[in-house]
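# Structural overview
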Amino acid sequence: MPLVPTASIVDAARDARVGAAAFNVIHLETAEALVTAAERTDRPLILQISENCIRYHGSLLPLTRATLALAEESTARIAVHLDHLTQAELVHQGIAAGVRSVMIDASALPYEQNVATTATLAAWCHERGAFVEAELGEVGGKDGVHAPGARTDPAEALSFVQATGVDALAVAVGSSHAMRERTAELDKELIAALRTTLPVPLVLHGSSGVPDDELRRAIAAGMTKINISTHLVSVFTGSIRRTLDADPSLVDSRKYIKLAREAVAQEAARLLEVLNTPVTAPTELRVAETTARG
């Protein structure tokens, strides 16, 4: 199946008030597992490749081309997205490789520089038909750069979206990158305020640390694109650890990686169902949205 535009997945999820699943690719085996999950559940999925992942592999092209090929050969509705890109050159390389969805991450810069950098790259991407996500409010936990207690101000977020022209915005509402326990509690009132204020879909980074019910409540409050990485990486690693502990004589990596790939496929399929379960928005949010639409 041809690649599905990220915008079509995200916009449809926002309208239906379900989550648009965005799961990170670490290597080919996780990409295969995630595609399998999408096919088993018949749910749309955004495959994400981060700048950290690109750095690990040494360059953008090999894993990106492999992920694009998997998506294009799949029977599922799959988009490919480049995540947390801080370098303009990687944005350019990704678009040249055929990716039409990027996150421009200038969130560590002062606000005015974030706006200027994001606006310039967003305009360049839009000229080439690409979907653009950005970040405001500094989601916690990423390489010690972001402040864990940060929150996105709705008025500032609106100004940012208007100034940059981005298609989606990652906001700080209480989650944190790289959490290994699913214990985060999100600021649903802030999510609702951001939903009614902003004309673009909201993105939740650091979703690995958010339990299922809290994810559902966040979606009900107005969150749309849900990014998950660390949780699925932990599933992969946990499976390998259990397999090797049970049989230390194993030397063929395919035997234990195959089991880990299946473990990720099963958990990703479960999460796809969790995120795609329709939820009812709080009455006050529905009223506010109706009022905002006039």
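These numbers come from a predicted model, not from an experiment.

Now for the environment of Leu-34. Position of Leu-34 among the secondary structure elements: in helix α2 (residues 28–41). Placed 11 residues apart in sequence, Leu-34 and Phe-23 show a C-alpha to C-alpha distance of 7.5 Å. Excluding residues that lie within four positions of it along the chain, Leu-34 makes contacts with Phe-23, Asn-24, Val-25, Leu-45, Leu-47, Leu-232, Val-264 and Ala-268.

A word on the pairing of strand β8 (residues 223–228). A large share of β8 lies buried, amounting to six of its six residues. This β-α-β element, strand β7 (residues 202–204) to helix α9 (residues 212–221) to β8, shows right-handed connectivity.

In this section: the environment of Asp-252. Tracing the chain through its elements places Asp-252 in the loop between α10 (230–246) and α11 (253–275). Among the residues examined, Asp-252 registers a relative accessible area of 23% and is labelled partly exposed. Here the side chain of Asp-252 touches Arg-254 through a polar contact of 3.0 Å, side chain to side chain.

The next point concerns unusual backbone geometry. The phi dihedral of Asp-42 falls on the positive side, at around 55 degrees, and the residue is not glycine. With respect to the helices and strands, Asp-42 occurs in the loop between α2 and β2 (45–50). The phi dihedral of His-84 falls on the positive side, at around 55 degrees, and the residue is not glycine. Mapping His-84 onto the fold places it in strand β3 (residues 78–85).

What sets the pattern is the α-helix's 3.6 residues per turn: residues three or four places apart point alike. A rise of 1.5 Å per residue sets the reference length of α10, with its 17 residues, at 24 Å; its end C-alpha atoms lie 24 Å apart and thus fit the reference within 8%. Taken as a whole, α10 has its buried residues at His-231, Leu-232, Val-235, Phe-236, Gly-238, Ser-239, Ile-240 and Thr-243. Elements that come into contact with the buried residues of α10 comprise β1 (20–24), α2, β8 and α11.

Attention shifts here to the packing of helix α7 (residues 154–164) against helix α8 (residues 188–197). Orientation of α7 relative to α8, taken along the N-to-C sense of each, is 35 degrees, at an axis distance of 9 Å. The handedness of the crossing between α7 and α8 is right-handed. Of the residues in α8, those in contact with Pro-154, Ala-157 and Leu-158 of α7 are Leu-190, Ala-193, Leu-194 and Thr-197. Of the residues assigned to the contact of α7 with α8, the class counts are six nonpolar, one polar and no charged.

Before going further, it helps to spend a moment on the sheet that holds β8. Consider a sheet: its strands pair through backbone hydrogen bonds, and that pairing is either parallel or antiparallel. Strand order around the closed barrel formed by eight strands is β1-β2-β3-β4-β5-β6-β7-β8, with parallel pairing between neighbours. Across this sheet, the average inter-strand angle for adjacent strands is 25 degrees, counted without regard to direction. Running at roughly 170 degrees to β2, α2 makes contact with β1, β2 and β3 of the sheet. Sitting on the sheet, α9 touches β7 and β8, and the angle it makes with β8 is about 145 degrees.

So, on to helix α6 (residues 111–127). Spanning 17 residues, α6 covers 24 Å between terminal C-alpha atoms, matching the ideal 24 Å at 1.5 Å per step. What α6 keeps buried is the set Asn-114, Val-115, Thr-118, Leu-121, Ala-122 and Cys-125. All buried residues of α6 project into a common sector of 155 degrees when viewed along the axis, lining one side. α6 presents Glu-112, Thr-120 and Glu-127 as exposed residues on the side facing more than 90 degrees away from its buried surface. Where α6 ends, the next residue or the one after it, Gly-129, has phi of about 75 degrees, a positive value.

Bringing the pattern of salt bridges into the picture now. All told, the structure shown has 13 salt bridges when counted by the stated rule. Residue Asp-252 pairs with Arg-254 through a salt bridge whose shortest N-O separation is 3.0 Å. With relative accessibility at 64%, the residue Arg-254 sits in the exposed group. Two residues, Glu-267 and Arg-270, come together in a salt bridge whose shortest N-O distance is 2.9 Å. Separated by three residues within a single helix, Glu-267 and Arg-270 lie in helix α11, roughly one turn from each other. With a relative accessible area of 14%, Glu-267 lands in the buried category. Overall, Arg-270 belongs to the partly exposed group, its relative accessible area being 33%.

Our next topic: the side chain of Glu-133. Looking at the secondary structure, you find Glu-133 in strand β5 (residues 131–136). Overall, the relative accessible area of 0% leaves Glu-133 in the buried class. At 2.7 Å, the side chain of Glu-133 and the side chain of His-205 are in polar contact.

This part covers the side chain of Arg-17. When you line up the elements, Arg-17 lands in the loop between α1 (6–16) and β1. You can call Arg-17 buried: its relative accessible area is 12%.

Attention shifts here to the packing of α8 against α9. Where α8 meets α9, the closest approach of the two axes is 8 Å, and the angle between their N-to-C directions is 30 degrees. Comparing their axes, α9 and α8 come out roughly parallel. As for the relative orientation of α8 and α9, their crossing is right-handed in sense. For the pair formed by α8 and α9, the contact residues are Lys-188, Ile-191, Ala-192 and Arg-195 on the first element and Glu-214, Arg-217, Ala-218 and Ala-221 on the second. Broken down by class, the residue content of the contact of α8 with α9 amounts to four nonpolar, no polar and four charged.

Criteria and cut-off values
Residues numbered from 1 in each chain as written. Predicted model: local features only at pLDDT ≥ 70, side-chain atom pairs only at ≥ 80, totals over all residues. Heavy atoms only, no water. Helix = DSSP H or I, 4+ residues; strand = E, 2+ residues; numbered from the N terminus. Contact = heavy atoms within 4.5 Å. Buried < 20%, exposed > 50% of the residue type's maximum accessible area, 1.4 Å probe, protein only. Right-handed = clockwise from strand over helix to strand, strands pointing away. Polar contact = N/O pair within 3.5 Å; in protein donor to acceptor, adjacent residues only side chain to side chain. Expected span 1.5 Å × (residues − 1). Axes fitted to C-alpha atoms, helices over the stretch in contact; angles between N-to-C directions. Left-handed = near helix turned anticlockwise from the far one by under 90°. Nonpolar A, V, L, I, M, F, W, Y, C, P; charged D, E, K, R; others polar. Pairing = 2+ DSSP bridges. Arc of directions from axis to C-beta. Salt bridge = Lys/Arg side-chain N within 4 Å of Asp/Glu carboxyl O. Parallel < 35°, antiparallel > 145°, perpendicular 65-115°, else oblique.

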